[in-house]
Amino acid sequence: NAGVTQTPKFQVLKTGQSMTLQCAQDMNHNSMYWYRQDPGMGLRLIYYSASEGTTDKGEVPNGYNVSRLNKREFSLRLESAAPSQTSVYFCASSPTRNEKLFFGSGTQLSVL
Amino acid sequence: RKEVEQDPGPFNVPEGATVAFNCTYSNSASQSFFWYRQDCRKEPKLLMSVYSSGNEDGRFTAQLNRASQYISLLIRDSKLSDSATYLCVTSEGYQKVTFGIGTKLQVIP
């Protein structure tokens, strides 16, 4: 079972560049999430999608956009990367309106 | 003040010891509670849910005190493989899941 798959695992960007983080899950989960993890801050929710066709802002949405392409895939886009977006990004999914989260392996992003 | 407060540690304990982690939360509307485990440079993984009645899974025991808004995790007979960061998590619903910063445990031979 693949579970939640994230790509890429590592990325280095220059300030102002754009990129998309990809996430796919094969567990038939309805809800999907994007988190960022920073030292001393814990995991913070960027965006979530309760079901296919819906997306909502989380705690720290500024500078990000998301697309729920279908039930399996939920992508995170940085339109103009900033050094403050240097972080580890995790995608997660959960069964319908269930707080038990299953995480992908993470993307280490550095913005110079 | 953070919604979920944890001592970041590290807690250094010898193999075989019993260790307890505590966590306090400020959101009285929280309905569900969890402990996740995160190994270095890996993703968090659900360790166990936490119930008011207390629950046990092998060497792990979790307790919830709603009146004091306090959650605990007890690990008995610590193994080297228990070395990780333990994240306390509260939820007011699937769209409001709050993570603590985690408590780092290092089990020493």
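Up top is the structure these notes are about.
None of these values were measured; they are calculated from a predicted model. (Residues numbered from 1 in each chain as written. Chains lettered and ligands numbered in written order. Predicted model: local features only at pLDDT ≥ 70, side-chain atom pairs only at ≥ 80, totals over all residues. Heavy atoms only, no water.)

Now for the side chain of Ser87 of chain A. Residues and elements named next belong to chain A. Within the fold, Ser87 resides in strand β9 (residues 87–94). The class of Ser87 is buried, set by a relative accessible area of 5%. Not counting the four nearest positions on each side in its chain, Ser87 is found in contact with Arg36, Gln37, Asp38, Thr107, Gln108 and Leu109. (Helix = DSSP H or I, 4+ residues; strand = E, 2+ residues; numbered from the N terminus. Buried < 20%, exposed > 50% of the residue type's maximum accessible area, 1.4 Å probe, protein only. Contact = heavy atoms within 4.5 Å.)

Counting residues in each nonpolar core, the largest one holds 22 residues, and the members touching the most others are Phe21, Trp35, Ile71, Leu73, Ile75, Tyr86 and Leu105 of chain B. When residues of this core are assigned to their parent elements, the largest contribution, four residues, is made by strand β3 (residues 19–25) of chain B. If near-sequence neighbours (up to four positions away) are discounted, Ile71 of chain B is found in contact with Phe21, Asn22, Cys23, Tyr25, Phe33, Trp35, Val50, Gln63, Leu64, Cys88 and Thr90 of chain B. In terms of nonpolar packing, the next biggest core, distinct from the first, is built from 20 residues, Leu21, Tyr47, Val60 and Tyr89 of chain A among them. (Core = buried A, V, L, I, M, F, W, Y, C linked by side-chain atoms within 4.5 Å.)

Residue Pro8 of chain A is bonded to the preceding Thr7 of chain A through a cis peptide linkage, with omega at -5 degrees. With respect to the secondary-structure elements, Pro8 of chain A resides in the loop between β1 (4–7) and β2 (10–13). For the peptide bond that leads from Gly9 of chain B to Pro10 of chain B, omega is 10 degrees, which places it in the cis range. You can see Pro10 of chain B is positioned in the loop between β1 (4–6) and β2 (11–14). You will see that Asn28 of chain A, though not glycine, has its phi angle at about 60 degrees, which is positive. Summarising the element assignment, Asn28 of chain A is placed in the loop between β3 (19–25) and β4 (31–38). For Gln69 of chain B, which is not glycine, the phi dihedral falls at a positive 55 degrees. Relative to the helices and strands, Gln69 of chain B is located in the loop between β7 (60–65) and β8 (70–75).

Residues and elements named next belong to chain A. Taken as a whole and judged by the stated rule, the model has two disulfides over all chains. Paired through a disulfide, Cys23 and Cys91 show a sulfur-sulfur distance of 1.8 Å. The sign of the S-S torsion, about -75 degrees, decides the handedness of the disulfide formed by Cys23 and Cys91: left-handed. Taken together, the residues span a long stretch of sequence, with Cys23 in strand β3 and Cys91 in strand β9 at a distance of 68 residues. (Disulfide = S-S within 2.5 Å.)

That's the geometry; what it means functionally is another story.
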